[in-house]
Amino acid sequence: MTNLSDAKILRRDRQTSILAYGWHWARIHLFSSWMNAALTLSAIALLWLTIPALIDWLIISASWTGESREACLNENQGACWPFIFEKWEQFIYGRYPQEEIWRVNLVFLLAFGGALPMLIPAVPWKGWNALFLVVIFPILCLYLLSGGVMGLPYVESSRWGGLLVTLLIAGVGNAAALPLGILLALGRRSEMRILRTLCVLFIEFWRGIPLITVLFMASVMLPLFFAEGASFDKLLRCLIGVALFSSAYMAEVVRGGLQAIPQGQHDAARALGMGYWRMTILIILPQALKIVIPGIVNSFIALFKDTTLVLIVGLFDLLGIIQLHLADPNWSTPQTHYTGYAFAALLFWLFCFGMSRYSQYMERRLGTEPSHNG
Amino acid sequence: MADPDTNNKPAKNAARDGAIHMRHLDKWFGAFHVLKDISLSVRKGEKIVICGPSGSGKSTLIRCINGLETHEKGELVVDGIPLTGSAGLDEVRREVGMVFQSFNLFPHMTVLQNCALAPIWVRRKTRAEAEARALRYLERVRIPDQAHKYPEQLSGGQQQRVAIARALCMEPRIMLFDEPTSALDPEMIKEVLDVMVDLAEGGMTMICVSHEMGFARRVADKMIFMDEGVILEEAPPSQFFSKPKHERTRLFLSQILHD
Ligand SMILES: Nc1ncnc2c1ncn2[C@@H]1O[C@H](COP(=O)(O)OP(=O)(O)OP(=O)(O)O)[C@@H](O)[C@H]1O
Ligand SMILES: [Mg+2]
């Protein structure tokens, strides 16, 4: 009997101590001053106002099943998910022919399978992996998506759309912008005057015009300069425009990193007999790029979101294709618009948040344990 | 002062035999005349210690020897290779090692990688050869056990010894030291100087900018005092310390020997 009551008392003690600890923690972190307390309370109020309403709209009052607008015309006033369920294939693939969609899926799979081991530092064979991503994957990707040779039917790029186009533009843009940006940054710091001037001109030109202008130029004006029929694919033109545009920003980010490397590192490399390229590749760039990871990822994310601008030249990226389908009379309900945009926001946020988290992870890793180049 | 112009005739021969041959060297930074008509000959195996007040051009002078700075006028032959413009640069740098005041180790590589890097990429050694060599020289500077650490994990004295090992891994014929101990705490100075004495006794040709007069007395064949871009005095240490010719040298020596 006594033992039992002892245990009870002990348990109550522990509970009070947890409560006491919680109170102690809150005092330090949330209510340390009047200012802090006021901020805490207003944050709680804000969350109280938004979170329940959001959950209600997204889940509780939302319509989940149905074949057409009738499903979402009830008095619930929640999100209209059947609209997304019915359309998601278009949102992902655009107007890519139904029976060829496996090709896009294969590309997604290859991209995922190629990028994932590259991103995880512990996986070996980085050299082969990079070779696959840089050489083999782009060729495979072009072949699979476009087709027209060796048994695959041709799918013209005007039928590509949705997430496919978003990822394609962001992926190609970033993949081209990083190396181009590095070269431009090196050129801008070169001792050769002509090269330096050219790089400055290039960077300042592309930084000085809005992306919308670049896209218009690429899609509307460029064909005027070509002879009839010689003009090439609109998507490709936009890709080139986007890549050049973001390479100028990337160049400035990388230059910031290059400037942070002390002169002594150059001196030491030179004194050991290294030429310019060995010094740059082995000593300078590994340090400079590590410093500017946040800036690089920032550029990646900015470009990823900027891809939505291709809508104005008649390409349908994820947001563009969602907007297109909002006009479908079959689904015209008061909630369709909100649902479509919420879905677009959610997808964009997921990708951007992923990139951001990965960069934080890499920074932490490189911060505690310098990379192994040697 | 020994005038290097007295043995004018066999200059070509001297250039070939000597380690460093410098005649009437001039250098400007913009309008600022840093090095004024410098002439200096260094024989193989000779040890030279350069001292002088801050801003007198000591660093600039030894940085000219491996082409980190370019001179505007005059003749410079290093290890038989004439240095004019950018010609001969890579060749000379392979034969001349340099140690800096601020160590300048590569922070993103381990000690072993720091040492093996240049032998692999410049001398075209295999990784195994280069690493074996790196370990040998790390042993020589007495820190083989730190090979797998990163520079930031080492003390200043250890870092500077790694820097010496890194330079030695290229098996240079000439070593340049630019105030190798002046960024170090007093208790670490000795461990670096010991390594340098050891190197000197091994017969290396050495040019050291240093204010460590004990070290200078022990190893220097010749002392050089620089002021405002000129070599003011050049003498063997015995003479240099006991009866310097110039008032300026005397003043400088009294200042640094005082503390
Ligand atoms: N890159 C440069 N551009 C312009 N002036 C320079 C440059 N490097 C050095 N100087 C100037 O040249 C002079 C000589 O510099 P140097 O570094 O050779 O002096 P030092 O004798 O090594 O001095 P310290 O003992 O302080 O290292 C100084 O007045 C310095 O300000
Ligand atoms: Mg100096």
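Procedures and definitions
Residues numbered from 1 in each chain as written. Chains lettered and ligands numbered in written order. Predicted model: local features only at pLDDT ≥ 70, side-chain atom pairs only at ≥ 80, totals over all residues. Heavy atoms only, no water. Helix = DSSP H or I, 4+ residues; strand = E, 2+ residues; numbered from the N terminus. Buried < 20%, exposed > 50% of the residue type's maximum accessible area, 1.4 Å probe, protein only. Pairing = 2+ DSSP bridges. Axes fitted to C-alpha atoms, helices over the stretch in contact; angles between N-to-C directions. Contact = heavy atoms within 4.5 Å. Domains from an automatic or database assignment. Buried area = accessible area lost by both parts, 1.4 Å probe. Salt bridge = Lys/Arg side-chain N within 4 Å of Asp/Glu carboxyl O. Nonpolar A, V, L, I, M, F, W, Y, C, P; charged D, E, K, R; others polar. Near = heavy atom within 4 Å. Polar contact = N/O pair within 3.5 Å; in protein donor to acceptor, adjacent residues only side chain to side chain. Areas by Shrake-Rupley, 256 points an atom, 1.4 Å probe, with all protein chains shown as cover. Parallel < 35°, antiparallel > 145°, perpendicular 65-115°, else oblique. Left-handed = near helix turned anticlockwise from the far one by under 90°. Core = buried A, V, L, I, M, F, W, Y, C linked by side-chain atoms within 4.5 Å.

A. Region of interest: the overall build of chain A. Helices and strands together make up the secondary structure of chain A, namely 14 helices and zero strands. Reading chain A from its N terminus to its C terminus gives the helix and strand order α-α-α-α-α-α-α-α-α-α-α-α-α-α. Considering only C-alpha atoms, chain A reaches an extent of 90 × 65 × 40 Å along its principal axes. Residues classed as buried in chain A amount to 38% of the 374 residues present.

B. Structural view of the sheet that holds strand S10 (residues 230–235) of chain B. Residues and elements named next belong to chain B. The mixed open sheet is built from six strands, whose spatial order is S6-S7-S8-S3-S9-S10. At either end of the open sheet lies a strand with only one pairing partner, and these are strand S6 (96–99) and S10. Strand-to-strand, the axes of this sheet are offset by a mean angle of 15 degrees, without reference to chain direction. In this sheet, strand S8 (residues 205–209) lies alongside strand S7 (residues 174–178) in parallel orientation, the contact comprising five bridges. Each residue of the ladder has a partner; that of methionine 175, found in S8, is methionine 206. The strands that helix H2 (residues 58–65) touches are strand S3 (47–51), S6, S7, S8 and strand S9 (222–227); relative to S7, the one it contacts most, it runs at about 155 degrees. Contacting S3, S9 and S10, helix H10 (residues 247–258) runs over the sheet at an angle of about 100 degrees to S9.

C. How the structure looks around the domain arrangement of chain A. Residues and elements named next belong to chain A. What the domain assignment reports for chain A is domain 1 (99–155) and domain 2 (157–327). Computed from C-alpha coordinates alone, the two centres of domain 1 and domain 2 are separated by 21 Å. The partner domain 2 presents six residues to the five residues of domain 1 that form the contact. Interface area, domain 1 with domain 2, both sides summed: about 510 Å², of which 83% is carbon and sulfur. Among the residues domain 1 hides against domain 2, the three largest losses belong to Phe108, Leu145 and Val155. Together they make up 75% of the total. Counting every contact that joins domain 1 to domain 2 gives zero salt bridges. Every element with two or more residues in the side of domain 1 that touches domain 2 is listed here: helix H4 (101–119) and helix H5 (126–146). A class-by-class count of the residues in the side of domain 1 that touches domain 2 yields four nonpolar, one polar and no charged.

D. Inspection of the environment of methionine 175 of chain B at higher detail. All names here are of chain B. Locating methionine 175 in the fold gives a position in strand S7. Along the primary structure methionine 175 and glycine 97 are separated by 78 residues, whereas in three dimensions their C-alpha atoms are 4.7 Å apart. Residues contacting methionine 175, with those up to four places away along its chain left out, are Gly97, Val99, Ile164, Ala167, Leu168, Leu199, Met204, Thr205, Met206 and Ile207.

E. Representation of the pairing of strand S1 (residues 20–29) of chain B within the structure. Residue and element names in this part refer to chain B. With seven of ten residues buried, S1 lies mostly within the body of the structure. Direction of pairing for S1 relative to strand S4 (residues 73–78): antiparallel, over a ladder of five bridges. When the sheet's bridge partners are listed, histidine 21 is paired in S4 with valine 77.

F. Broad picture of unusual backbone geometry. Residues and elements named next belong to chain B. Its identity is not glycine, yet histidine 24 carries a phi of approximately 50 degrees, on the positive side. For histidine 24, the position within the fold is in strand S1. Since its relative accessible area comes to 31%, histidine 24 is described here as partly exposed. The phi angle at aspartate 37 is positive, at roughly 50 degrees, despite the residue not being glycine. The residue aspartate 37 is located in strand S2 (residues 32–42) in this model.

G. Structural context of the site of ligand 1. Residues and elements named next belong to chain B. As a matter of local geometry, ligand 1 sits amid Phe29, Phe32, Val34, Pro53, Ser54, Gly55, Ser56, Gly57, Lys58, Ser59, Thr60 and Glu179. Between ligand 1 and the protein, one listed contact pairs an oxygen atom with a backbone N or O atom of serine 56 at 3.2 Å. A distance of 2.6 Å is found between an oxygen atom of ligand 1 and a side-chain nitrogen or oxygen belonging to serine 59. Protein contacts shield 58% of the accessible area of ligand 1, which totals 630 Å² for the unbound molecule. Taken together, the elements giving at least two residues each to the shell around ligand 1 come down to S2 and H2. Take the shell around ligand 1: its biggest share by element is three residues, from H2.

H. How the structure looks around the packing of helix H6 (residues 162–188) of chain A against helix H9 (residues 234–259) of chain A. Residue and element names in this part refer to chain A. Relative to each other, H6 and H9 sit at 45 degrees, their axes nearing to 5 Å. It follows that H6 is oblique to H9 by the angle criterion. Considering only the axes of H6 and H9, their crossing is right-handed. Of the residues belonging to the contact of H6 with H9, the class tally is 20 nonpolar, four polar and three charged.

I. Just the pattern of salt bridges, in detail. Under the counting rule described, the total for this entry stands at 24 salt bridges over all chains. Across the pair aspartate 198 of chain B and arginine 140 of chain B runs a salt bridge whose closest N-O atoms are separated by 3.7 Å. Of this pair, aspartate 198 of chain B sits in helix H7 (residues 186–201) while arginine 140 of chain B is found in helix H5 (residues 127–140), placing the two residues 58 residues apart along the sequence. Taking relative accessible area as the criterion, aspartate 198 of chain B reaches 28% and is therefore assigned partly exposed. Between arginine 248 of chain B and aspartate 227 of chain B there is a salt bridge, and its shortest N-O distance comes to 2.9 Å. Placement of arginine 248 of chain B in helix H10 and of aspartate 227 of chain B in strand S9 is noted, with a sequence separation of 21 residues between them. On the basis of relative accessibility, which here comes to 13%, the residue aspartate 227 of chain B falls in the buried class. Connected through shared salt-bridge partners, Arg188, Glu204, Arg207, Glu252 and Arg255 of chain A make up one network.

J. Quick peek at the nonpolar core. Judged by nonpolar contacts, the single largest core of 63 residues is most densely connected at Phe91, Tyr96, Leu145 and Trp160 of chain A. If you count residues domain by domain, this core takes at least three from each of domain 1 (99–155) and domain 2 (157–327) of chain A. Among all residues touching tryptophan 160 of chain A, those that are not within four sequence positions of it are Tyr93, Gly94, Tyr96, Leu145, Ser146, Val155, Val165, Leu168 and Leu235 of chain A. Counting 59 residues, the second largest nonpolar core, distinct from the first, contains Leu258 of chain A together with Ile20, Ile48 and Ile50 of chain B.

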